[in-house]
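So the chains spell out like this:
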Amino acid sequence: MTAHPSDTNRLHFPHLDAIRGIAALCVLIFHIAFSSALSPVWLHTMPSFVNSAGHVLANGVEVFFVLSGWVIAHSMRWDNLEMASLGRFLVRRTLRLTPAYWAALVLTLVLGVVGIHLGSGDSLPSISKIGLNFLYLQNIFGVGNVFSPAWTLCIEAQFYVAFAAILWMAVCCGEGATGAEPFGKSRGRLAALLFASALGTLALACRWNDGALFVSWWFYFAGGALGYLASRDSRFMPMVAIVVAAMAGVSAWLYLHPVRFDDEGRSLMVGTLALLFLLVAHGRARWTEWSRRGLFAWLGNISYSLYLTHFGFGLLLARAFRKISHQNALLAVVFIFVDIAFCLLLAHFFWRWIEQPSVEWAKGFKLKGNALRERAGAAA
């Protein structure tokens, strides 16, 4: 059953924000506690399985990709999906993500200069590397990232272009959204394209993996988008069930080939569980009410800023703390908690003064686009 756009334009999923916040916090803990200068100080006193278990926290990235597919499908549900509309979608996403991303790049470069002067940093990247990072092209050209999490932004940018192309293919022989049906008569074609592309790229993951291209990750995004369609139209539920089952099956297969695929089976299982949770929790208040509580809501708000800023700042701080802690494991653990707290504080200010204005900017652009469409419809 569908609702009129006026009833759902402001529809929001607090549990998606909260899950994103938890995933960002997991990535933060992984980088500071298990992948920083402080990590060896305390890990050498712990059993090896602690380090192995800690690496699961890095798989918050796969959760981001699944959530992105769900959210982007939701944001496009009432668009008429003409070329101008798809262009506005791409511009809107650029306005939403890029200011904070660029600010994080500048912050990382400044911290890099500070680290060099303190004798605890690496040399600065080349101008060409910096320029390609600003354009989301570093993965494609193979020059590396200015800061580690930036590679996922490159993949996200490719996701948006690919999704716009799939939307265009879905409506080229039909109609876009109508007053009563999200994605209009194109819903079936869109679901079929998402279903086929998800299974196709998942099959490729068994034999080929190129982290620079969205193809290696597309099934996460496509699964999330298809899951959203199924949540609005139960006819598509068998499709998303097949995708979930295929992801779980491939994950199990990858676990049987650890030498070749390392931790990809674990990564895929985390993404599968994230998609399954979204499907089960949708529309069930008792599964999502927890996300409205203060801590989870706050983590959801700062999640993008936390993901962008924690790497350069947190790892530089860890290097400074390592010089103080020396080989004292207890002191290293204390400094890890202090480091995480400082990263959360920085993310809050980053969200308040940089990310929030860019969000409002993107919303203003969307409202202008909606007004233009309504005016054109009235004229017609």
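Below is a summary of the structure that appears in this document. (Residues numbered from 1 in each chain as written. Predicted model: local features only at pLDDT ≥ 70, side-chain atom pairs only at ≥ 80, totals over all residues. Heavy atoms only, no water.)

## A look at the overall build of the protein
Link 1 in the chain: Along its length, the protein carries 17 helices and zero strands.
Link 2 in the chain: Buried residues in the protein amount to 49% of all 380 residues.
Link 3 in the chain: The long-range fraction of contacts in the protein, counting pairs at least 24 apart against all pairs at least 6 apart in sequence, stands at 74%. (Helix = DSSP H or I, 4+ residues; strand = E, 2+ residues; numbered from the N terminus. Buried < 20%, exposed > 50% of the residue type's maximum accessible area, 1.4 Å probe, protein only. Contact = heavy atoms within 4.5 Å.)

## Quick notes on helix α6 (residues 83-117)
Link 1 in the chain: End to end, α6 covers 50 Å across 35 residues, agreeing with the expected 51 Å (1.5 Å per residue, within 8%).
Link 2 in the chain: The largest bend along α6 measures about 35 degrees and falls at threonine 98, with the proline proline 99 one to four residues further on.
Link 3 in the chain: Of the residues trailing α6, glycine 119 is marked for its positive phi of about 75 degrees. (Expected span 1.5 Å × (residues − 1). Bend = angle between axes of the 7 residues up to and from the residue.)

## Topic: the pattern of salt bridges
Link 1 in the chain: All told, the structure shown has four salt bridges when counted by the stated rule.
Link 2 in the chain: Between arginine 20 and aspartate 17 there is a salt bridge; the shortest N-O distance is 2.9 Å. With arginine 20 and aspartate 17 both in helix α2 (residues 14-34) and three residues apart, this pair spans about one turn of that helix.
Link 3 in the chain: Measuring nitrogen to oxygen at the nearest pair gives 3.5 Å for the salt bridge that ties aspartate 233 to arginine 187. Here aspartate 233 is found in the loop between α11 (218-232) and α12 (237-255), whereas its partner arginine 187 is found in helix α10 (residues 187-205), with 46 residues between them in sequence.
Link 4 in the chain: Under the relative-accessibility criterion, aspartate 233 is labelled buried at 9%.
Link 5 in the chain: What emerges from the salt-bridge pattern is a single network uniting Arg187, Asp233 and Arg235. (Salt bridge = Lys/Arg side-chain N within 4 Å of Asp/Glu carboxyl O.)

## Here we look at a nonpolar patch on the surface
Link 1 in the chain: Together, Ile140, Phe141, Leu204, Trp208 and Leu213 make up an exposed nonpolar region whose accessible area comes to about 470 Å².
Link 2 in the chain: Looking at the secondary structure, you find leucine 213 in the loop between α10 and α11. (Patch = residues over 30% accessible without salt bridge, like charges linked within 9 Å, V, L, I, M, F, W, Y side chains within 5 Å. Areas by Shrake-Rupley, 256 points an atom, 1.4 Å probe, with all protein chains shown as cover.)

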